[in-house]
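# Fold and geometry: a report
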Amino acid sequence: MLDTTVALLVAAVLAGTPLLLGALGEILTERSGNLNLGVEGMMFMGAITGLIGSFFYEQAVIGAGLAPSGALSALIALLVSFLAGAFGALIYGFLTITLRANQNVTGLILTIFGTGFGNFFGEYFGLKAGGYIAVSKATKSAFAPINIPYLSDLPVVGKLFFSYNWMVYFAIALAIAMAWFFFKSRVGLNLRAVGEDPAAADAAGINVSRYRYFATVIGGGICGIGGMYMCMVTTSGVWVHGCVSGYGWLAVALVIFATWRPLRGMVLAVIFGGLMVMRMYISIPGLPAQIYEMVPYVITILVLVITSIRQSKEHAMPASCGLNYFREDR
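Mapped onto the elements of the fold, Asn-190 is located in helix H8 (residues 186-196). A distance of 3.1 Å separates polar atoms of two side chains, one belonging to Asn-190 and the other to Tyr-211. If near-sequence neighbours (up to four positions away) are discounted, Asn-190 is found in contact with Ile-206 and Tyr-211.

Written out as structure tokens, the structure reads:
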């Protein structure tokens, strides 16, 4: 029983990490007042570009008669996926901040675009590579669980805290850094002011458009990294059609559950991750597998309803979230 529980918790952390990365990117975006519903699309863009970046690096190095470096390949995947997600968010930012397009519609279009972008280029480069696109063992090993001397060998504690790949620790560190940024740094406080009352922030000398662009683009890049995690860790460095598969939408819901706070997002990401993999560790005789797959989405609907009914001012979304700012109307 203990072994099953520990295994479930470890799997929950691994499954919850891309949710956490997607949620962190969206929290940063929404704190500035932009409601970007294109998380799914940006994750798809990050997934395929991160994989292709590593794949092309490996092919170039192998073609030169050298052995590819797993660490360098992982770094390339990280940077390329961030840039891809940031590019998608930049398109969204230009349309909503500069051209003042409707945020909801623009975000949905970004999701459609990003999903098509990922699946199209995944299949295209897969055919070019001979059927499917996959990275080498060197890159796969760079995303394997790390071994921390002594700590990883501890019973129970070692598995629960010191048996993950580096991206899990990266996501945790990012959540902690973002929490500090929002509540302890001057730039973070200015960003929150822009999200709550852009007119007052503008009157105080804060450049609303600059802050919104900054948060939207960086947030989109973080979502792209979450997509790269899905491709490099969840599917073991092999492109799988539709690999993000709704994680972006769950990340958007996770933002609401976490009340726009990164540290709460960490805990809820583990819970949601556990719901996603529960069917592999808890078996109920006669219960169809499809019911297990429905559980995270059913829980999402229930929590959204409860959150909406019991919404308090303290836990409400940023006041200007989803609303474009017209300086002339100030």
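Along the chain, Glu-58 falls in helix H2 (residues 39-63). Other than its neighbours up to four places away in sequence, Glu-58 contacts Pro-68, Ser-73, Val-135, Ser-136 and Thr-139.

For the largest pocket, the calculated volume is near 480 Å³. The wall of the largest pocket is formed by 24 residues, among which Thr-234, Tyr-247, Met-276, Val-277 and Arg-279 lie closest to the centre. Counting only elements with at least two residues in the lining of the largest pocket, the list comes to helix H1 (2-31), helix H10 (208-234), helix H12 (262-277) and helix H13 (289-309). The residue makeup of the lining of the largest pocket, split by class, is 18 nonpolar, 4 polar and 2 charged. Lining of the second largest pocket is provided by 16 residues; of these, Val-13, Leu-160, Tyr-164, Ile-172 and Val-270 occupy positions nearest its centre. Among the elements of the structure, H1, helix H6 (157-161), helix H7 (166-184) and H12 are those that each provide at least two residues to the lining of the second largest pocket. With 5 residues, the top contributor of residues to the lining of the second largest pocket is H1. For the lining of the second largest pocket, the per-class residue count stands at 14 nonpolar, 2 polar and no charged.

This brings us to the environment of Ser-73. By the secondary structure assignment, Ser-73 is in helix H3 (residues 70-98). Overall, the relative accessible area of 0% leaves Ser-73 in the buried class. Setting aside residues up to four positions removed in sequence, Ser-73 forms contacts with Ser-54, Tyr-57, Glu-58 and Thr-139. Of the polar contacts made by the side chain of Ser-73, one reaches the side chain of Thr-139; its length is 2.7 Å.

Conventions adopted
Residues numbered from 1 in each chain as written. Predicted model: local features only at pLDDT ≥ 70, side-chain atom pairs only at ≥ 80, totals over all residues. Heavy atoms only, no water. Helix = DSSP H or I, 4+ residues; strand = E, 2+ residues; numbered from the N terminus. Polar contact = N/O pair within 3.5 Å; in protein donor to acceptor, adjacent residues only side chain to side chain. Contact = heavy atoms within 4.5 Å. 1 Å grid on protein atoms, 1.4 Å probe; cavity = no way out; pocket = protein on both sides within 12 Å on 5 of 7 lines; lining within 4 Å. Points joined across faces, edges and corners; volume = space filled by probe spheres on them. Nonpolar A, V, L, I, M, F, W, Y, C, P; charged D, E, K, R; others polar. Buried < 20%, exposed > 50% of the residue type's maximum accessible area, 1.4 Å probe, protein only.

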